[in-house]
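Spelled out, the chains give:
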Amino acid sequence: MPLEDRDPARWRGQQVNGEVSGTPQLRGTGDPPPWGTPAPDGSRTEAMAEGWEPGPAPGDRDVTFGGAPQRAGQEPWQREEALMGELSELVQKVVKSSSWWERHGVDISILTCSFLLLPAGFLCLRSAQAIPFLVGVLTLGVVHHTLTVKGSHLASHNALTESKSWGKVWAIFFIELCSAFTAEQATYNHVKIHHGYTNVIGLGDSSTWKVPFLNRYIYMFIAPLAVPIITPLVALDLLRNVEWKAALRTLCCMFLGLYCHYWLLLHVSGFQSPWSALLCMLLTRSLLAHPYIHVNIFQHIGLPMFAADRKPKRIHLMSLGVLNLPRNALLDWSFGHSLISCHVEHHLFPGLSDNMCLKIKPIVSQYLKQKKLPYNEDTYTSRLRLFLRRYEELMVHAPPITELVGIQ
């Protein structure tokens, strides 16, 4: 049964290659908490987002799941944490046996290659012929998204290096200088909130990607072109929430990154007017904006959603609320495996690099299937059809809250 044909208020199984196997029944109930509600278990958010074996959270509902080994005298939350602990041990063995090249080198080399392609991209734009000019646009567009999406994402999780100090440097470089955003807010909103409370209504439910007043076709196909303009404007608004020193640093990095791009187009690519250079900036920075927006909504929205006081434990929260897309050469290079075909693995182990997420994928998928836990997979075109058909339900109206009600 395709994912898109599931009833969101009654979900009985995982999809693996179009088949469904037994998992907890889900049914809609309750109302979402008010917006702005403080994150529950705030002191545990970082542990949930980055740790592999978080402890039980107060207020988490004890739910029995199919596939969890039940032992005499063992509480449901203990059984659920045992699952995460067992999976973590399997993954840690792979990580410890992997070389530095596998853990970090592969992804660093991709980012380095992208930097090395920048001169060729700017020089191609000097050509008066259509084909070299288009090659320059495509080159700069792919490089821009590799640095701003893949680089920023890895840096926000400190997955580029073992050093926290260097991790901070790379976060500032990729998020602020390359992406024109604020590192502190990007890391907090993505790592602490989205990862800590994946698909929890009002917290990590991807609501920031919803623009209810836009119709489906404008949102899906036209609005993404405005991402390069909206991103720095949102960053400026978020600077109110950071210290003045961090805000000043962010402003300087944002200005430097944007101005360097503009200056290179004028003095290296040979654009004759400021407006033509700005138009080229918009074109290259929005080249992959459509799949960027699509991926961010396809992999979470439309899956089970939970109230803050009724969310399941970590392994079930991530397996229920996260979806993998198929591998794609362009998106794997520009966005990284952890955002495309290994998103489930990334949410379970967010500190791993893209290459390591790809390496542990067989282990994670096999383990979840053995324990009869969801391992959601679907195609890009299938999700696109789903969102176009059910846009009002998924992107305009508040999604129904899901309650897990035992073994089915």
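What you see as residue numbers is a count from 1 along each chain, following the sequence as written. For a predicted model such as this one, the threshold for reporting local features is a pLDDT of at least 70, and the threshold for listing and counting side-chain atom pairs is 80 or more; totals across whole chains, interfaces and linings nevertheless cover every residue. Side-chain numbers here rest on the full set of heavy atoms in the structure, without hydrogens or water.

### Comments concerning the UniProt feature "transmembrane region" (unreviewed entry) in the chain
UniProt positions are given in the numbering used here, feature names are shortened, and annotations may be inferred rather than shown by experiment. Annotation from UniProt places "transmembrane region" (unreviewed entry) at residues 217–239 and 246–268. The span residues 217–239 shows a helical share of 78% and a strand share of 0%, and its end C-alpha atoms are spaced 32 Å apart. Think of it this way: any DSSP run of H or I at least four residues long counts as a helix, any run of E at least two long counts as a strand, and we number them from the N terminus. Helix makes up 96% of residues 246–268 and strand 0%, and the two end C-alpha atoms of the span are 32 Å apart.

### Description of the packing of aromatic side chains
Geometry of an aromatic ring pair is reported as the spacing of the ring centres plus the angle between the planes. Pairing of aromatic side chains here covers Phe, Tyr and the six-membered ring of Trp, requires ring centres within 6.5 Å, and sorts the geometry by plane angle: under 30 degrees stacked, over 60 edge-to-face, intermediate tilted. Evaluation of the coordinates by the stated rule reveals 14 aromatic pairs. When the ring of Phe115 is compared with that of Phe174, the centres are 6.5 Å apart and the planes differ by 40°; the resulting orientation is tilted. On the criterion of sequence distance, the pair formed by Phe115 in helix H3 (residues 100–124) and Phe174 in helix H5 (residues 164–178) is long-range, its members being 59 residues apart. For the pair Trp170 and Phe173, a centre-to-centre distance of 6.1 Å together with 80° between the ring planes defines the contact as edge-to-face. One end of the pair is Trp170 and the other is Phe173, both in helix H5 and 3 residues apart, which spans about a single turn.

### Points about the environment of Leu83
Among the structural elements, Leu83 can be located in helix H2 (residues 76–96). The sequence separation of Leu83 and Lys371 amounts to 288 residues, and the corresponding C-alpha distance is 8.5 Å.

### Concerning the confidence of the model for the chain
A residue's pLDDT is the confidence the predictor assigns to it, expressed on a 0 to 100 scale. For the chain, per-residue confidence averages 84 on the pLDDT scale, and 80% of positions sit at 70 or higher. Counting interchain partners and residues more than four positions distant, the pLDDT-below-50 stretch residues 1–69 has 187 contacts. By definition, residues are in contact when any of their heavy atoms lie within 4.5 Å.

### Quick notes on unusual backbone geometry
Residues apart from glycine generally show negative phi values, whereas peptide bonds are mostly found in trans. The phi dihedral of Asn158 is positive, around 55°, even though this residue is not glycine. Here Asn158 is to be found in the loop between helix H4 (130–156) and H5. Phi at Ala180 is positive, roughly 60°, even though this residue is not glycine.

### Concerning the packing of H4 against H5
To get an axis, a line is fitted to the C-alpha atoms, and for a helix only the part in contact is used. The angle between two axes follows their N-to-C directions and goes from 0 to 180 degrees. At a closest axis distance of 8 Å, the pairing of H4 and H5 adopts a crossing angle of 145°. Considering only the axes of H4 and H5, their crossing is left-handed. On the side of H4, the interface is formed by His144, Leu147, Thr148, Gly151, Ser152, Ala155 and Ser156, while H5 contributes Gly167, Trp170, Ala171, Phe174, Ile175 and Cys178. Looking at the contact of H4 with H5 residue by residue, the classes come out as 7 nonpolar, 6 polar and no charged. The handedness criterion is simple: a crossing whose near helix is rotated anticlockwise from the far helix by less than a right angle is left-handed, and one whose near helix is rotated clockwise is right-handed. Residues are grouped as follows: Ala, Val, Leu, Ile, Met, Phe, Trp, Tyr, Cys and Pro are nonpolar; Asp, Glu, Lys and Arg are charged; every other residue, Gly included, is polar.

### Concerning the pattern of salt bridges
A pairing counts as a salt bridge when a side-chain nitrogen of Lys or Arg comes within 4 Å of a carboxyl oxygen of Asp or Glu. The final tally for this structure, using the stated rule, is 11 salt bridges. Measuring nitrogen to oxygen at the nearest pair gives 3.5 Å for the salt bridge that ties Arg103 to Glu162. In this pair, Arg103 is assigned in helix H3 and Glu162 in the loop between H4 and H5, connecting sequence segments 59 residues apart. Judged by its relative accessible area of 22%, Arg103 falls in the partly exposed class. Burial classes follow relative accessibility: with a 1.4 Å probe on protein chains only, a residue under 20% of its type's maximum area counts as buried, one over 50% as exposed, and anything between as partly exposed. Residue Glu162 is classed as exposed on the basis of its relative accessible area of 57%.

### Describing the side chain of His337
Mapped onto the fold, His337 is located in the loop between helix H13 (329–334) and helix H14 (343–348). When neighbours within four sequence positions are excluded, His337 is seen to be in contact with Arg327, Asp332, Cys342, His343, Asp354, Asn355 and Leu358.

### As for the packing of helix H11 (residues 289–298) against helix H16 (residues 380–389)
Between H11 and H16, the shortest axis-to-axis distance is 11 Å and the interhelical angle comes to 80°. Classified by the interaxial angle, the pair formed by H11 and H16 is roughly perpendicular. Facing His290, Pro291, His294, Val295, Ile297 and Phe298 of H11, the residues of H16 in contact are Tyr380, Arg383, Leu384 and Phe387. Of the residues in the contact of H11 with H16, the class split is 7 nonpolar, 2 polar and 1 charged. Throughout this description, any angle smaller than 35 degrees is read as roughly parallel, any larger than 145 degrees as roughly antiparallel, any in the 65 to 115 degree range as roughly perpendicular, and the remainder as oblique.

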